[in-house]
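A look at the structure
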Amino acid sequence: MPAVSIVIPVFNRQDVLRRAVSSVLSQTFQDYELIVVDDGSTERVADALSEARDKIDFRLIHHGRNRGAAAARNTGARAAKGRYLAFLDSDDTWRSEKLAQQIAFMEAETERRMSCTGFALVGEHGVFDRRLPPKVSDLDEILWGCRISPGTTLMVERALWETTGPMDETLGRLEDWDWMIQAVRHAPFDGLRQSLADVHHDRYAHVNEAKFVAAARKIADYAREGRYGLSPSQKRILLSAVQYELAATYYRKGRFGAGLGALGKSLLYAPWKRPGHVLAALNTVRADIRRSLTDEREGS
């Protein structure tokens with residue numbers, strides 16, 4: 001049995017998938033299996049995996065049709081044999097010591113059952129921001145927004161995954177956030193405060209706004225219906241965070257009026273979080289301005 005089962009969901013994206021797999025092959029920790037779930041691609045995904053076939057314990061699983069990232073991750077988790085599950089999005093990459101350091105972190109204390117690492121946000125012209133997870137998270141931290149990139153930095157005991165249950169396949173987006181809200185009721189996660197992954201930020205240019213909005217509203221409905229077992233104040237935090245996520249999505253799509261409206265609703269739900277809102281908004285604007293200026297310089 002491998003120590004870690006790595007799950008990469010993919011839909012087309014041969015070029016970036018090759019890059020993600022290469023980062024797996026470069027890991028200094030080698031006791032793992034790699035499971036790539038082809039979620040109904042129309043491209044020949046297998047062509048990007050030839051290097052992996054000859055070097056590691058590797059499986060490629062096919063979905064007959066595109067079912068979404070949640071379904072692909074669930075398929076990979078069900079097929080896994082390792083003690084731990086580690087997820088990697090097909091357009092992201094790991095630093096070579098990521099698995100080694102995260103395994104050591106997980107096993108340094110017996111109560112650690114899931115963890116996330118820090119990551120760098122990478123645009124067309126390189127790193128423009130870095131994010132570190134909180135050292136130890138509670139439910140309120142997750143409710144305030146899933147800013148830990150669990151699709152690429154999460155490592156979780158397979159037994160805890162099975163206790164929490166699979167990701168919600170009816171959510172077209174934000175399925176990892178929904179899963180984390182439920183998982184921290186069983187065990188808190190610890191944050192390894194080192195940047196060990198690269199999250200490629202250009203993905204936001206291709207976000208399906210309708211799917212994102214529908215998923216955000218569904219999470220809000222789940223909160224109101226009692227799915228997460230939240231207190232009244234926790235429910236307001238989550239509803240505030242949902243509106244903030246909508247505001248960020250509208251902003252990235254250039255819909256500034258809609259973004260301002262969502263941000264206003266976010267503030268009304270949890271006014272005591274106002275300093276956090278302002279800081280988060282300033283950080284988002286700062287990072288995007290920096291990236292735009294870099295693009296202009298490179299293009300001139």
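About the cut-offs
Residues numbered from 1 in each chain as written. Predicted model: local features only at pLDDT ≥ 70, side-chain atom pairs only at ≥ 80, totals over all residues. Heavy atoms only, no water. Helix = DSSP H or I, 4+ residues; strand = E, 2+ residues; numbered from the N terminus. Buried < 20%, exposed > 50% of the residue type's maximum accessible area, 1.4 Å probe, protein only. Contact = heavy atoms within 4.5 Å. Expected span 1.5 Å × (residues − 1). Pairing = 2+ DSSP bridges.

What follows covers the overall build of the chain. Secondary structure summary: the chain contains twelve helices and nine strands in total. A burial count over the chain gives 55% of its 300 residues as buried. When contacts within the chain are restricted to residue pairs at least 6 apart in sequence, those whose partners lie at least 24 apart make up 79%.

In this fold, glutamate 175 is placed in helix α8 (residues 175-183). A residue is classified by how much of its surface remains accessible, and glutamate 175, at 6% relative accessible area, is buried. Once the C-alpha coordinates of glutamate 175 and isoleucine 219 are considered, the two residues, 44 residues apart in sequence, prove to be 9.1 Å apart.

A separate point is helix α10 (residues 232-252). Spanning 21 residues, α10 covers 31 Å between terminal C-alpha atoms, matching the ideal 30 Å at 1.5 Å per step. Along α10, 15 of the 21 residues are buried, which leaves the element largely enclosed by surrounding structure. Positive backbone phi, approximately 80°, marks glycine 254, located one or two places after α10.

Moving on, we come to the pairing of strand β7 (residues 126-131). Strand direction decides the pairing type here: strand β6 (residues 114-123) and β7, joined by five bridges, are antiparallel. Within β7, the position partnered with valine 122 by the bridge is valine 127. Taken together, β6 and the strand that follows it, β7, pair antiparallel across an intervening segment of two residues.

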